[in-house]
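One-letter residues, chain by chain:
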Amino acid sequence: MRLILLSDTHGFHDDLSIPEGDILIHAGDITMSGTLHEIELFDQFLSQQPHRHKIVIAGNHDVCFESRPDEARRLIKHAVYLQDTGIEIDGVKFWGTPWQPWFMDMAFNVASNSGRRARWNLIPRDTHVLITHTPPRSILDLTSLGENVGCEELALAVKKLGPRLHVFGHIHEAYGIRAIGDTTYINACNSSLRYQAIQPPIVFDL
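The present account deals with the structure reproduced in this document. (Residues numbered from 1 in each chain as written. Predicted model: local features only at pLDDT ≥ 70, side-chain atom pairs only at ≥ 80, totals over all residues. Heavy atoms only, no water.)

### Section: the overall build of the chain
A count of helical and extended segments in the chain gives five helices and eleven strands. At 15 Å, the chain has a C-alpha radius of gyration in line with the 17 Å of a compact globule built from 206 residues. Principal-axis analysis of the C-alpha atoms gives the chain an extent of 35 × 35 × 30 Å. Looking at the chain as a whole, 54% of its 206 residues qualify as buried. Summarising the internal contacts of the chain: among those between residues at least 6 apart in sequence, 62% fall at separations of at least 24. Only carbon and sulfur atoms are counted for the fraction: they give 49% of the accessible area of the chain, which is about 9200 Å². For the chain, the distance from the average position of its 18 positive side-chain charges to the average position of its 25 negative side-chain charges is 6 Å. (Helix = DSSP H or I, 4+ residues; strand = E, 2+ residues; numbered from the N terminus. Rg over C-alpha atoms; globule rule 2.2 N^0.38 Å. Buried < 20%, exposed > 50% of the residue type's maximum accessible area, 1.4 Å probe, protein only. Contact = heavy atoms within 4.5 Å. Areas by Shrake-Rupley, 256 points an atom, 1.4 Å probe, with all protein chains shown as cover. Lys, Arg positive; Asp, Glu negative; His and termini not counted. Charge placed at Lys NZ, Arg CZ, Asp CG, Glu CD.)

Right under this line is the structure:
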């Protein structure tokens, strides 16, 4: 099963060359301003992609999924939108969740460790592919200022659950892949720190 991983396209998805594969996954920050119109344009982009399955979660920029959730979700017609929910495809179990530590009072912020822990506790133990917007703490979460800003509670949860793949975004400058134990961690941010879509989609064969 070939997965094509995107994140943090911020409306610049048309600037990317999208590889062929079985499942296209977007780990949030679809938009720049979080408007419904941006979601409509993104869904048009999805409609043009040939992948058999497409999975999308929201990120901190995607405000409309929190403020106008019913309208925003209806606009995603060419992908499955996950928010503390999962889907099984060909025996592989995917789970998507958009929550993150507090960041500039944007969408899907949860300030407390206990609040985020409650979200991560919803992740099923048999999840194969976990999709979050935030990175786990100290894994592909280092900012240009030298700070690790991922979620410590998420790091603990992923270590306990041991999914085969954990894909996320949020920290543009931490783009990359790291394998730890049985889990591969991928920060799939396509936008650079200057919001230019120059970091290519990542291909992962499951």
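Having seen the structure, we can now continue with the description.
### Here we look at the sheet that holds strand β11 (residues 202-205)
With mixed pairing, the five strands of this open sheet are ordered in space as β4-β3-β2-β1-β11. Single-partner strands in this sheet number two, and they are β4 (80-81) and β11. Bridge count between strand β3 (residues 53-56) and β4: two bridges; the pairing is parallel. When the sheet's bridge partners are listed, valine 56 is paired in β4 with tyrosine 81. Of the strands in this sheet, β1 (2-6), β2 (23-26) and β3 are in contact with helix α1 (residues 36-47), which crosses β3 at around 155 degrees. (Pairing = 2+ DSSP bridges. Axes fitted to C-alpha atoms, helices over the stretch in contact; angles between N-to-C directions.)

### Regarding the environment of serine 7
Examined against the element boundaries, serine 7 turns out to sit in the loop between β1 and β2. Sequence-wise, serine 7 and isoleucine 25 are 18 residues apart; in three dimensions their C-alpha atoms are separated by 8.1 Å. In this structure serine 7 touches His26, Ala27, Gly28, His133, Phe168, Gly169, His170, Ala188, Cys189, Asn190 and Ser191, once residues within four positions along its chain are discounted.

### Digging into the packing of aromatic side chains
In total, this model carries three aromatic pairs according to the counting rule given. Summarising the aromatic geometry, the rings of phenylalanine 65 and tyrosine 81 are spaced 4.6 Å apart at their centres and angled 10 degrees between planes, so their arrangement reads as stacked. Of the two residues, phenylalanine 65 is situated in helix α2 (residues 64-67) and tyrosine 81 in strand β4; the sequence distance between them amounts to 16 residues. The exposure class assigned to phenylalanine 65 is buried, which follows from its relative accessible area of 1%. With 5.1 Å between their ring centres and 80 degrees between their planes, tryptophan 99 and phenylalanine 108 make a pair best called edge-to-face. Taking relative accessible area as the criterion, tryptophan 99 reaches 8% and is therefore assigned buried. In this structure, arginine 119 packs its charged tip against the face of tryptophan 99, placed 3.9 Å from the ring centre. (Phe/Tyr/Trp six-rings, centres within 6.5 Å; stacked < 30°, edge-to-face > 60°. Lys NZ or Arg CZ within 6 Å of the ring centre and 35° of its normal.)

### Let's talk about the pattern of salt bridges
Per the counting criterion, the structure on display carries six salt bridges. The salt bridge partner of arginine 68 is glutamate 71, with a shortest N-O separation of 2.7 Å. Its relative accessible area of 32% is what places glutamate 71 among the partly exposed residues. (Salt bridge = Lys/Arg side-chain N within 4 Å of Asp/Glu carboxyl O.)

### With respect to the environment of valine 56
Here valine 56 is to be found in strand β3. Between the C-alpha atom of valine 56 and that of glycine 96, which follows or precedes it by 40 residues, the distance is 7.9 Å. Excluding its chain neighbours within four sequence positions, the residues that come into contact with valine 56 are His26, Ile30, Phe42, Leu46, Ala79, Val80, Tyr81 and Leu82.

### Description of the environment of arginine 178
Here arginine 178 is to be found in strand β9 (residues 176-180). Residue classification places arginine 178 among the partly exposed positions, given a relative accessible area of 35%. Separated by 39 residues in sequence, arginine 178 and isoleucine 139 place their C-alpha atoms 7.8 Å apart. Contacts of arginine 178, omitting those with residues within four sequence positions, involve Ser138, Ile139, Leu140, Thr183, Thr184 and Tyr185.

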